[in-house]
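This is what each chain is made of:
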Amino acid sequence: MRAADEALIVIDVQNDFCPNGALAVAEGDAIIPQINALMADFACVVLTQDWHPADHSSFADMHAGAEAFGLIEMPYGPQVLWPRHCVQGSAGAAFHPDLQTDPAQLTLRKGFRSGIDSYSAFFENDHKTPTGLEGYLRARGIDKLTLVGLATDFCVAYSALDAAALGFDVTVLASACRAIDLNGSLAARKQACLEAGVNWIE
Ligand code: VGL
Ligand code: ZN
């Protein structure tokens, strides 16, 4: 068992990010047995859930003439456009049925505001609006985090970067993550994490 100041943060292991999902990550479901096993080691397990309203501005079909995986400029900076995914209450937004959810003490939903995306479990994509996760962890005296889940190069990496900037001791367990890898995004995010002092374990 890990010490009481450690948490396992399981990022977005949802149907839409698994094979046959709307924004399927290759082998997204392959990490689930490892994640389930890890949960038994941690006194604190947090799940995150991408949770978008039907008119979310990250959906390519909300922008006339735009293509999924293209880039647009939002008031808060550049934003990748995605296929419609993880719509609140949809089957695609549900956790993968093989993921154990009973050990989780908190499920944190993110990306629920139409006008702003939220990759990170800590801040929305303006890098300012907090999700509340930092307060939850600090109030419990937790300062060491292990991150697993989907996708390595988006929600996992941005969560790791924010957590490191907030002063948490952060480990990304890459074997329990899978990537989208858009235009070299996996290598770029891994490099950024290493530079930020994240422990990146393959
Ligand atoms: C994610 C793209 C859009 C993720 C969420 O969980 O990594 N990626 N929404
Ligand atoms: Zn999303």
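For the structure, see preceding data.
Here is a short report on the structure shown in this document. Worth saying up front: this structure is predicted, and the values here are computed from it rather than measured. (Residues numbered from 1 in each chain as written. Chains lettered and ligands numbered in written order. Predicted model: local features only at pLDDT ≥ 70, side-chain atom pairs only at ≥ 80, totals over all residues. Heavy atoms only, no water.)

**Observations regarding the coordination of the zinc ion (ligand 2)**
Ideal geometry at a metal gives 109.5 degrees between four tetrahedral donors and either 90 or 180 degrees between six octahedral ones. Definition in use: Donor atoms are limited to N, O and S found within 2.8 Å of the metal ion, a distance that becomes 3.2 Å for Na, K and Ca. With water left out, some sites might look partial. The rule is simple: four donors are tetrahedral if all their angles sit between 85 and 135 degrees, four are square planar and six octahedral if opposite donors span more than 155 degrees and the others lie between 65 and 115, and anything that fits none of that is irregular. Think of it this way: any DSSP run of H or I at least four residues long counts as a helix, any run of E at least two long counts as a strand, and we number them from the N terminus. Throughout this description, buried means an accessible area under 20% of the type-specific maximum (1.4 Å probe, protein chains only), exposed means over 50%, and partly exposed covers the range between.
Protein-derived ligands of the zinc ion (ligand 2) are D50 (OD), H52 (NE2) and H85 (NE2), with the metal-ligand distances lying across 2.0 to 2.1 Å. Given four donor atoms and angles of 89 to 168° at the metal, the environment of the zinc ion (ligand 2) is assigned as irregular. In the primary structure, the donors to the zinc ion (ligand 2) are separated according to the pattern D-x1-H-x32-H. Pair noted here: H52 is in the loop between β2 (45-50) and β3 (71-74) and H85 is in the loop between β4 (77-80) and β5 (106-110), with a separation of 33 residues, a long-range link. Note on H85: relative accessible area 3%, which makes it buried.

**Topic: the layout of surface pockets**
Our working rule: Whether a set of points on the 1 Å grid over the protein atoms alone is a cavity depends on a 1.4 Å probe fitting there but being unable to get out, while an open set qualifies as a pocket with protein on both sides within 12 Å along at least five of seven lines; lining residues are those with an atom within 4 Å of a point. Grid points are joined across faces, edges and corners, and a volume is the space filled by probe spheres set on the points. Following the grouping adopted for this structure description, the nonpolar residues are Ala, Val, Leu, Ile, Met, Phe, Trp, Tyr, Cys and Pro, the charged ones are Asp, Glu, Lys and Arg, and the polar ones are all others, Gly among them.
Within this model, the largest pocket holds a volume of roughly 250 Å³. Every residue lining the largest pocket is counted, 14 residues in all, and those nearest its centre are P78, V80, Y119, Y158 and R189. Broken down by secondary-structure element, the contributors of at least two residues to the lining of the largest pocket are β4, α3 (152-165) and α4 (185-195). Counting residues per element, the lining of the largest pocket draws most heavily on β4, which supplies three residues. Residue composition of the lining of the largest pocket, grouped by class: eight nonpolar, five polar and one charged.

**Concerning empty space enclosed by the protein**
Under the criterion given, the structure shown has one cavity of 30 Å³ or more. When its volume is computed, the largest cavity comes out at roughly 100 Å³. The wall of the largest cavity is formed by 14 residues, among which F17, D50, Y119, F154 and C155 lie closest to the centre. Tallied by class, residues from the lining of the largest cavity come to nine nonpolar, two polar and three charged.

**Quick word on the sheet that holds β5**
Using the following cut-off: A pair of strands counts as paired when DSSP detects no fewer than two bridges linking them. In this analysis an axis means a line fitted to C-alpha atoms, helices contributing only their contacting stretch, and an angle means the value between N-to-C directions, from 0 to 180 degrees. Residue contacts follow a heavy-atom distance rule, with two residues in contact if any of their heavy atoms lie within 4.5 Å.
Reading across the sheet, the six strands line up as β5-β2-β1-β6-β7-β8 and stay open at both edges, with parallel pairing between neighbours. The open sheet has two edge strands, β5 and β8 (199-201), and neither has a second partner. Pairs of neighbouring strands in the sheet enclose a mean axial angle of 20°, with direction left out of account. Relative to β2, strand β1 (residues 6-11) is paired through four bridges, and the arrangement is parallel. Within β2, the position partnered with V10 by the bridge is L47. Sheet strands in contact with α3 are β1, β5, β6 (144-150), β7 (169-178) and β8, and its direction is about 165° off that of β6.

**Description of the nonpolar core**
Test applied: The set of buried Ala, Val, Leu, Ile, Met, Phe, Trp, Tyr and Cys residues whose side-chain atoms join them within 4.5 Å is what this entry labels a nonpolar core.
In terms of nonpolar packing, the biggest core is built from 61 residues, with V10, I35, L99, F122, L137 and L145 touching the most fellow members. Of all the secondary structure elements, the ones that give two or more residues to this core are β1, α1 (32-39), β2, β5, α2 (133-139), β6, α3 and β7. Setting aside residues up to four positions removed in sequence, I35 forms contacts with L8, V10, V13, L99, V148, G149 and A176.

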